[in-house]
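Examination of the molecular architecture
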Amino acid sequence: MELSYREALNQALAEEMERDGRVFLMGEEVARYNGAYKVSQGLLDRFGSARVVDAPISEAGFAGLGIGAAMTGLRPVIEMMTWNFAILALDQIMNNAAKIRHMSGGQLRCPIVIRGPSGAGGRLSSQHSQALEAQYAHVPGLKVVAAATPADAKGLLKSAIRDENPVMMFEAELLYGAKGEVPEGEHLVPIGKADIKRPGSQVTVLTWGRMLTACVLPAAEALAKEGIDVEVVDLRSLRPLDEETILASVNKTNRAVIVEEAWPFASVGASLVDLIQSKAFDALDAPVTRVNGLDINMAYAANLERATSPSVERIVEAVHHVLYR
């Protein structure tokens, strides 16, 4: 069936809350307002105020409450109105959620999901347009996922809710209205498994989240008209990383381009370059190339926002570069 990205997330939440009475949703405006992006539409009426909880504007407070609830046996889903606001909860996420299992010698677990919109949001300026996946993927003890399609959004969220570890789920702000086919019935996407969205033989392009549909697949189609066969790998999971799929693709194509919305310095893409050059160096026929968001703060103006982000033109140029064209 065809669902929007937000409908797929809503369906995942409803199914998991129906399946497991320990699952609850908490965040700013998730209940009476049905969520800032309407992901929680109808859940308050269906499950009641004890399981769909409006939180005050205090990210550190309700993240900490969720972490404590997870430690006592519940399975909270914490919605951040945006991952930019989750910066205020970094102490709770990094020092408690990520470390409590280790510091308790395995006596305590933290099966929590923290999710919300990420990246450029359409003229929201620099404090509300950041792609911060690397900030969390850097931390041992956290899992980090980013879905590009409604089907993957539903499957990853369901898997995240069932996981025994804290999972950070990044949902591109500009994808909520995007539609796609979602399998009927039970649908799970395993955390830690990439997906080849477009098979190819000449160049591997690695990406995740909104970049897949916004510019990577359109660039692959444009390059196909030139006779260039691009393989597109959607990572879906940034930690743990599906090294096997990444390396198999690079060993097949002998070239790699990495596309991510985030800034280039100390990014997920930088770690991917290290992985490829250390484990697939002999297969490479060209240096690995990256296409990132520009290393500047995001502007408010729509035309400057587009200029700051990766584009079809920049990806085509990068592929030409690794093919020495």
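Residues numbered from 1 in each chain as written. Predicted model: local features only at pLDDT ≥ 70, side-chain atom pairs only at ≥ 80, totals over all residues. Heavy atoms only, no water.

1. Quick notes on the pairing of strand β5 (residues 113-118)
Counting buried residues along β5, six of its six residues qualify, which places the element largely inside the surrounding structure. Summarising the sheet, strand β4 (residues 75-79) and β5 pair through three bridges and their orientation is parallel. By the bridge assignment, Glu 79 is partnered in β5 with Arg 115. Sheet analysis places β5 next to strand β7 (residues 167-172), joined by six bridges and oriented parallel. (Buried < 20%, exposed > 50% of the residue type's maximum accessible area, 1.4 Å probe, protein only. Helix = DSSP H or I, 4+ residues; strand = E, 2+ residues; numbered from the N terminus. Pairing = 2+ DSSP bridges.)

2. Examining the packing of helix α8 (residues 211-224) against helix α12 (residues 312-322)
A pair of packed helices is characterised by two quantities: the angle between their axes and the separation of those axes. Packing of α8 against α12 brings their axes to within 9 Å, and their N-to-C directions diverge by 55°. By the angle class used here, α8 and α12 are oblique. In this structure, α8 crosses over α12, and the sense of that crossing is right-handed. In this structure, α8 contributes Cys 215, Val 216, Pro 218, Ala 219 and Leu 223 to the contact, and α12 contributes Val 312, Ile 315, Val 316, Val 319 and His 320. The class makeup of the residues in the contact of α8 with α12 is nine nonpolar, one polar and no charged. (Axes fitted to C-alpha atoms, helices over the stretch in contact; angles between N-to-C directions. Parallel < 35°, antiparallel > 145°, perpendicular 65-115°, else oblique. Left-handed = near helix turned anticlockwise from the far one by under 90°. Contact = heavy atoms within 4.5 Å. Nonpolar A, V, L, I, M, F, W, Y, C, P; charged D, E, K, R; others polar.)

3. A look at unusual backbone geometry
The residue after Arg 239, namely Pro 240, is reached through a cis peptide bond having omega 0°. In this structure, Tyr 324 is a non-glycine residue whose phi angle is positive, near 55°. If you trace the backbone, Tyr 324 turns up in the segment after α12.

4. Observations concerning the nonpolar core
The biggest cluster of nonpolar side chains holds 49 residues, and the ones touching the most others in it are Met 80, Ile 114, Tyr 136, Met 168, Trp 208, Leu 235 and Ile 276. Residues contacting Met 80, with those up to four places away along its chain left out, are Glu 59, Phe 62, Ala 63, Ala 86, Ala 89, Ile 114, Arg 115, Gly 116 and Pro 117. Val 30, Ala 31, Val 113 and Ala 172 belong to the second-largest nonpolar core, a separate cluster that totals 30 residues. (Core = buried A, V, L, I, M, F, W, Y, C linked by side-chain atoms within 4.5 Å.)

5. Digging into the confidence of the model for the protein chain
In the predicted model, the protein chain carries a mean pLDDT of 97, and the fraction of residues at 70 or more is 100%. Within the protein chain, the element-level pLDDT minimum falls on helix α11 (residues 302-308), averaging 95, and the maximum on strand β11 (residues 230-234), averaging 99. (pLDDT = per-residue confidence, 0-100.)

6. Describing the side chain of Thr 308
Tracing the sequence through the fold places Thr 308 in helix α11. Discounting chain neighbours no more than four positions away, the residues touching Thr 308 are Asn 292, Gly 293, Leu 294, Ile 296, Met 298 and Arg 314.

7. Here's the deal with the environment of Ser 104
Examined against the element boundaries, Ser 104 turns out to sit in the loop between α5 (100-103) and β5. There is a polar contact of 2.9 Å between the side chain of Ser 104 and the backbone nitrogen of Leu 108. (Polar contact = N/O pair within 3.5 Å; in protein donor to acceptor, adjacent residues only side chain to side chain.)

8. Considerations on the sheet that holds β4
The strand order across the open sheet built from seven strands is β3-β2-β4-β5-β7-β6-β12, with neighbouring strands paired in mixed fashion. Strands with a single pairing partner mark the edges of an open sheet, and in this sheet they are β3 (52-54) and β12 (237-239). Strand-to-strand twist across the sheet, computed as the mean angle between neighbouring axes with direction ignored, equals 20°.

9. Remarks on a negative patch on the surface
Together, Glu 2, Glu 7, Glu 181 and Glu 184 make up a region of like negative charge exposed at the surface. Tracing the backbone through its elements, the reader meets Glu 2 in strand β1 (residues 2-4). (Patch = residues over 30% accessible without salt bridge, like charges linked within 9 Å, V, L, I, M, F, W, Y side chains within 5 Å. Areas by Shrake-Rupley, 256 points an atom, 1.4 Å probe, with all protein chains shown as cover. Salt bridge = Lys/Arg side-chain N within 4 Å of Asp/Glu carboxyl O. Lys, Arg positive; Asp, Glu negative; His and termini not counted. Charge placed at Lys NZ, Arg CZ, Asp CG, Glu CD.)

10. A short note on the packing of aromatic side chains
Under the definition given, this model contains five aromatic pairs. An angle of 55° between the planes, with centres 5.7 Å apart, marks the rings of Tyr 136 and Phe 170 as tilted. With Tyr 136 in helix α6 (residues 133-137) and Phe 170 in strand β7, the pair connects residues that are 34 residues apart, well separated along the chain. With relative accessibility at 0%, the residue Tyr 136 sits in the buried group. Every member of this aromatic cluster is reached through a ring pair, and the members are Tyr 5, Tyr 37 and Tyr 176. Stacked on the ring of Tyr 33, the Lys or Arg Lys 38 has its end atom at 3.7 Å from the ring centre. (Phe/Tyr/Trp six-rings, centres within 6.5 Å; stacked < 30°, edge-to-face > 60°. Lys NZ or Arg CZ within 6 Å of the ring centre and 35° of its normal.)

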